[in-house]
Amino acid sequence: MGENNSGGNLAQVRHVVLVLSGKGGVGKSTLTTELALALRHAGKKVGILDVDLCGPSIPRMLSVGRPDVHQCDGGWVPVYTDSSKSLALMSIGFMLENPDDAVVWRGPKKNALIGQFVSDVAWGELDVLLVDTPPGTSDEHLSVVENLRKHRLDGAVLVTTPQAVSTGDVRREITFCKKVGVPILGIVENMSGFVCPHCSECSNIFSKGGGEELAKITGSPFLGCVPLDPLLSSSLEGGGDFMKMFPESAAFSAITNILLQGKTLTCLRMLS
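Residues numbered from 1 in each chain as written. Predicted model: local features only at pLDDT ≥ 70, side-chain atom pairs only at ≥ 80, totals over all residues. Heavy atoms only, no water.

**Thoughts on the overall build of the chain**
(1) Moving on: A tally of regular secondary structure across the chain gives 9 helices and 11 strands.
(2) Moving on: Against the 2.2 N^0.38 benchmark of 19 Å for 272 residues, the chain shows a C-alpha radius of gyration of 18 Å, consistent with a compact globule.
(3) Moving on: Judged by the C-alpha coordinates and their principal axes, the chain covers about 55 × 40 × 40 Å.
(4) Moving on: Burial status across the chain gives 55% buried among its 272 residues.
(5) Moving on: The long-range fraction of contacts in the chain, counting pairs at least 24 apart against all pairs at least 6 apart in sequence, stands at 78%. (Helix = DSSP H or I, 4+ residues; strand = E, 2+ residues; numbered from the N terminus. Rg over C-alpha atoms; globule rule 2.2 N^0.38 Å. Buried < 20%, exposed > 50% of the residue type's maximum accessible area, 1.4 Å probe, protein only. Contact = heavy atoms within 4.5 Å.)

Given below as structure tokens:
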């Protein structure tokens, strides 16, 4: 399937943002999902491209199951999570015959699929496309960057947890971004404290401040902290819309502030 205009299927996408981390298990997919929902509730049209080939979890988080992926003249039609078509999703999870199947592919096959995902999904008009990536700095990341650069790429939001073992890996991800010329839009410290489900007090069970310190050391914008919130966890497990269900929660405030902080810094122009 070829591109039918100068910008291809991304021609009507205003902003493209990668969500990266050098460490697995820090909550990239969670943050991608909640940022997308927050943007949708702000009246924006949002897309998520889930290229975490070995762990595609966003379809479950958005409770879309495993629908058939259809094709149109422009390419693959993304799966819409609502009747208003304000949140679109494309994921490797839709391509697997069995959700328990492992993706045991060598690099060239992975890179070819990523190239198709970038160029052959008919997104239509979007305010922002969030790209959820696997952890690390592998072939998949190079393929994503190279393919998106042909169209447009605003930059990357990096996700870390407070501990040094995580910030060390994310620091290498920052080096990767600088080497390949991807602007760093900001760093988010996820799992920054635990919100008690009974009294709502936030306790720093891991540590706190690692992400903010990393931002200072590397000269990167710091977008904010998101705590561990049992309400968020249960919402994701059930495929619920956390941003709609729990507007009084600490995690809701944190995610909303990240968007506002990004707008204030003029580095994350998704609300413009």
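Having put the structure on the table, let's press on.
**What about the UniProt feature "binding site: [4Fe-4S] cluster" (unreviewed entry) in the chain?**
(1) Moving on: In the numbering adopted here, UniProt assigns the feature "binding site: [4Fe-4S] cluster" (unreviewed entry) to C196 and C199.
(2) Moving on: Looking at the secondary structure, you find C196 in the loop between β9 (184-195) and β10 (202-203).
(3) Moving on: Looking at the element boundaries, C199 is found in the loop between β9 and β10. (UniProt positions renumbered as here; feature names shortened; annotations may be inferred.)

**Some thoughts on the side chain of K28**
(1) Moving on: Its place among the elements puts K28 in helix α1 (residues 28-41).
(2) Moving on: No salt bridge is formed by the buried K28, whose closest oppositely charged neighbour, D52, lies at an N-O distance of 5.2 Å.
(3) Moving on: Ignoring any residue separated from it by four or fewer positions in sequence, one finds K28 in contact with V19, L20, S21, K23, D132, T133, P134, P135 and V159. (Lys, Arg positive; Asp, Glu negative; His and termini not counted. Salt bridge = Lys/Arg side-chain N within 4 Å of Asp/Glu carboxyl O.)

**Quick notes on the UniProt feature "binding site: ATP" (unreviewed entry) in the chain**
(1) Moving on: Those places that UniProt annotates as "binding site: ATP" (unreviewed entry) correspond, in this numbering, to G22, K23, G24, G25, V26, G27, K28 and S29.
(2) Moving on: You can see V26 is positioned in the loop between β1 (13-20) and α1.
(3) Moving on: Excluding residues within four positions of it along the chain, V26 makes contact with S21, V159, T160, T161, S166, N190 and M191.

**Here we look at the pattern of salt bridges**
(1) Moving on: A full pass over the atoms with the stated rule returns 5 salt bridges.
(2) Moving on: Here R14 and D127 are joined by a salt bridge, their closest N and O atoms 3.3 Å apart. With R14 in strand β1 and D127 in strand β7 (residues 126-132), this pair connects stretches of sequence that are 113 residues apart.
(3) Moving on: By relative accessible area, which is 42% here, R14 ends up partly exposed.
(4) Moving on: For D82, the salt bridge identified is with R40, shortest N-O distance 3.5 Å. With D82 in the loop between β5 (79-80) and β6 (87-91) and R40 in helix α1, this pair connects stretches of sequence that are 42 residues apart. Of the two residues examined, D82 and R40, each falls in the buried class.
(5) Moving on: A single salt-bridge network, built from bridges that share partners, covers R40, D82 and D241.

**Quick look at the state of the cysteines**
Disulfide: a covalent bond connecting the sulfur atoms of a pair of cysteines.
(1) Moving on: Using the criterion set out here, one finds 0 disulfides in the structure.
(2) Moving on: Unpaired in terms of disulfides, C202 finds its nearest cysteine sulfur in C225, a separation of 9.2 Å.
(3) Moving on: With relative accessibility at 40%, the residue C202 sits in the partly exposed group. (Disulfide = S-S within 2.5 Å.)

**Description of unusual backbone geometry**
Glycine aside, negative phi is the norm for most residues, and most peptide bonds take the trans geometry.
(1) Moving on: Phi angles above zero are rare outside glycine, and S63 is one such case at about 55°.
(2) Moving on: Take S63: it is sitting in the loop between α2 (58-61) and β3 (71-72).
(3) Moving on: Residues other than glycine seldom take positive phi values, yet M191 does so here, at roughly 55°.
(4) Moving on: In this fold, M191 is placed in strand β9.

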